[in-house]
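Examination of the molecular architecture
Here is what each chain is made of, one letter per residue.
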Amino acid sequence: MSSRPGPRPTGPGPGPAAPVRVLLCDDHAVVRAGLLALLGSEPDFEVVGEAGGGDEAVAMAAKLGPDVVLMDLQLGEGTDGVEATRLISGSGVRVLVLTTYDTDADITRAIEAGATGYLLKAERPEELFAAIRAAAEGRTALSAPVADRVMERMRRPRPTLTERERDILGQLARGLGNREIARALFISEATVKTHLGRIYDKLGVDTRAGAVSVAKEQRLLT
């Protein structure tokens, strides 16, 4: 039997894939300029806009409809990166966090807000390119250190909190400050601070928002 290929099809074939449309959000103009130059070196990326803050990013994402938003977490005044991620991802646009922060609390908050991936700014350009392409396809992209932290948390035994610590966590989730918590639970502010320190240690966080986020993730709040 002949192994020669048959006649080649005539007419136009499939054209080149459309570039991934990217919106940059970082409050440092120098960082945005660097990313713009970096992504401009790849033919399958098109930067459609730059935002210097969360509010601007949300508005531009709604207007421009990018495939992926590269989102920093710390954005100065106004809407932070986590809340912007929540608003943008809720509209169906993929958000890839690109930040210098890799604490458990930051990672948890961003993923809960709907981030498709979480990348550190220390990554090599090739890793960034691959993560953007993955995010555009709806696949999760995590920096290796971030993936390690996620796996470590999953393997970590669920923390055991005392009844009083659970009470204080519940008040934290309501947005109360130390003084309000002390009044609600009929204890001193010093006692509240002591319990908060123990809660932070058990949950592996260092902020109130981080404690609430981890508590919700691990279903420690009733």
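Relevant structure appears above.
The present account deals with the structure reproduced in this document. (Residues numbered from 1 in each chain as written. Predicted model: local features only at pLDDT ≥ 70, side-chain atom pairs only at ≥ 80, totals over all residues. Heavy atoms only, no water.)

Comments concerning the overall build of the chain
The following threshold applies: By definition, any uninterrupted DSSP run of H or I lasting at least four residues is a helix, any uninterrupted run of E lasting at least two residues is a strand, and each is numbered from the N terminus. Restricting the calculation to C-alpha atoms gives the radius of gyration, and the globule rule supplies 2.2 Å times the number of residues raised to the power 0.38. For the exposure calls, accessible area comes from a 1.4 Å probe over protein chains only, and a residue counts as buried if that area is under 20% of its type's maximum, exposed if over 50%, partly exposed in between. Note on contacts: a residue pair is in contact if any heavy atoms of the two residues lie within 4.5 Å. Only four residue types enter the charge count, namely Lys and Arg as positive and Asp and Glu as negative; His and the chain termini do not. To locate a charge, take NZ of a lysine, CZ of an arginine, CG of an aspartate or CD of a glutamate.
Helix and strand counts for the chain come out as ten helices and six strands. Expected size for 222 residues packed as a compact globule is a radius of gyration near 17 Å; at 22 Å, the chain overshoots this value by more than 25%. Overall, the C-alpha framework of the chain stretches about 85 × 50 × 30 Å when taken along its three principal axes. Residues counted as buried form 40% of the 222 residues belonging to the chain. Contacts spanning at least 24 positions in sequence make up 63% of the contacts within the chain whose residues lie at least 6 apart. Side-chain charges of the chain comprise 28 positive and 31 negative groups, with the mean position of each set lying 6 Å from the other.

Considering the nonpolar core
Rules: Remark: nonpolar core denotes a set of buried residues (Ala, Val, Leu, Ile, Met, Phe, Trp, Tyr, Cys) joined through side-chain atoms within 4.5 Å.
Core analysis: the biggest nonpolar cluster contains 20 residues, and I168, L169, L172, L203, V205 and A211 have the highest contact counts within it. Mapped onto this core, the elements with two or more residues apiece are α7 (163-173), α8 (178-185), α9 (189-203) and α10 (208-217). At five residues, α9 tops the list of elements feeding residues into this core. In this structure, V22, L98, A131 and I132 belong to the second largest nonpolar core, which totals 18 residues.

What to know about the sheet that holds strand β4 (residues 94-99)
Just so we agree on the cut-off: Two strands are counted as paired when DSSP detects at least two bridges linking them.
If you walk across this open sheet you meet the six strands as β2-β1-β3-β4-β5-β6, and the pairing is parallel. Each edge of the open sheet is held by one strand with a lone partner, namely β2 (45-51) and β6 (141-142). Relative to β6, strand β5 (residues 117-120) is paired through two bridges, and the arrangement is parallel. Bridge pairing in β6 links G117 to A141.

Let's talk about the packing of aromatic side chains
Heads up, the rule is: Planes of paired rings set the category: under 30 degrees apart is stacked, over 60 is edge-to-face and the rest tilted, where pairs are Phe, Tyr or Trp rings (Trp by its six-membered ring) whose centres lie within 6.5 Å.
Under the counting rule described, the total for this entry stands at one aromatic pair. Ring centres of F45 and F129 lie 5.7 Å apart, and the angle between their planes is 45°; on these two criteria the pair is classed as tilted. A residue pair is termed long-range when its members are at least 10 positions apart, and F45 in strand β2 and F129 in helix α5 (residues 125-136) qualify at 84 residues. Accessibility classification places F45 together with F129 in one group, the buried group.

Description of the side chain of T99
Checked against the element boundaries, T99 lands in strand β4. For T99, a relative accessible area of 0% translates into the label buried. Ignoring anything within four residues of it in the chain, the contact list for T99 reads D72, L73, Y118, L119, L120 and K121.

Focus on the environment of R133
Its place among the elements puts R133 in helix α5. Ignoring sequence-local partners within four residues, the contact set of R133 consists of E42, D44, F45 and R139.

A word on the pattern of salt bridges
To be explicit about the condition: Whenever Lys or Arg places a side-chain nitrogen within 4 Å of a carboxyl oxygen from Asp or Glu, that contact is recorded as a salt bridge.
Summed over the entire model, instances satisfying the criterion amount to twelve salt bridges. E42 is the salt-bridge partner of R133, the closest N and O atoms lying 2.9 Å from each other. Here R133 is found in helix α5, whereas its partner E42 is found in the loop between α1 (29-40) and β2, with 91 residues between them in sequence. Residue class for R133 comes out partly exposed when judged on its relative accessible area of 28%. Note that R124 is salt-bridged to E127, the shortest N-O span being 3.0 Å. By sharing partners, the salt bridges in this structure join D26, D72 and K121 into a single network.

Focus: the packing of α7 against α9
The angle between the axes and the distance between the axes are what describe a pair of packed helices. Selection rule: The axes used here are C-alpha line fits, helices contributing only the stretch in contact, and every angle between their N-to-C directions lies in the interval 0 to 180 degrees. Roughly parallel refers to an angle under 35 degrees, roughly antiparallel to one over 145, roughly perpendicular to one between 65 and 115, and oblique to any angle outside these ranges.
Between α7 and α9, the least distance of the axes is 10 Å, while the angle of their chain directions is 90°. Viewed along their axes, α7 and α9 adopt a mutual orientation that is roughly perpendicular. In this structure, α7 contributes R164, E165, I168, L169 and L172 to the contact, and α9 contributes V192, H195, L196, R198, I199, K202 and L203.

Structural measurements only, silent on function.
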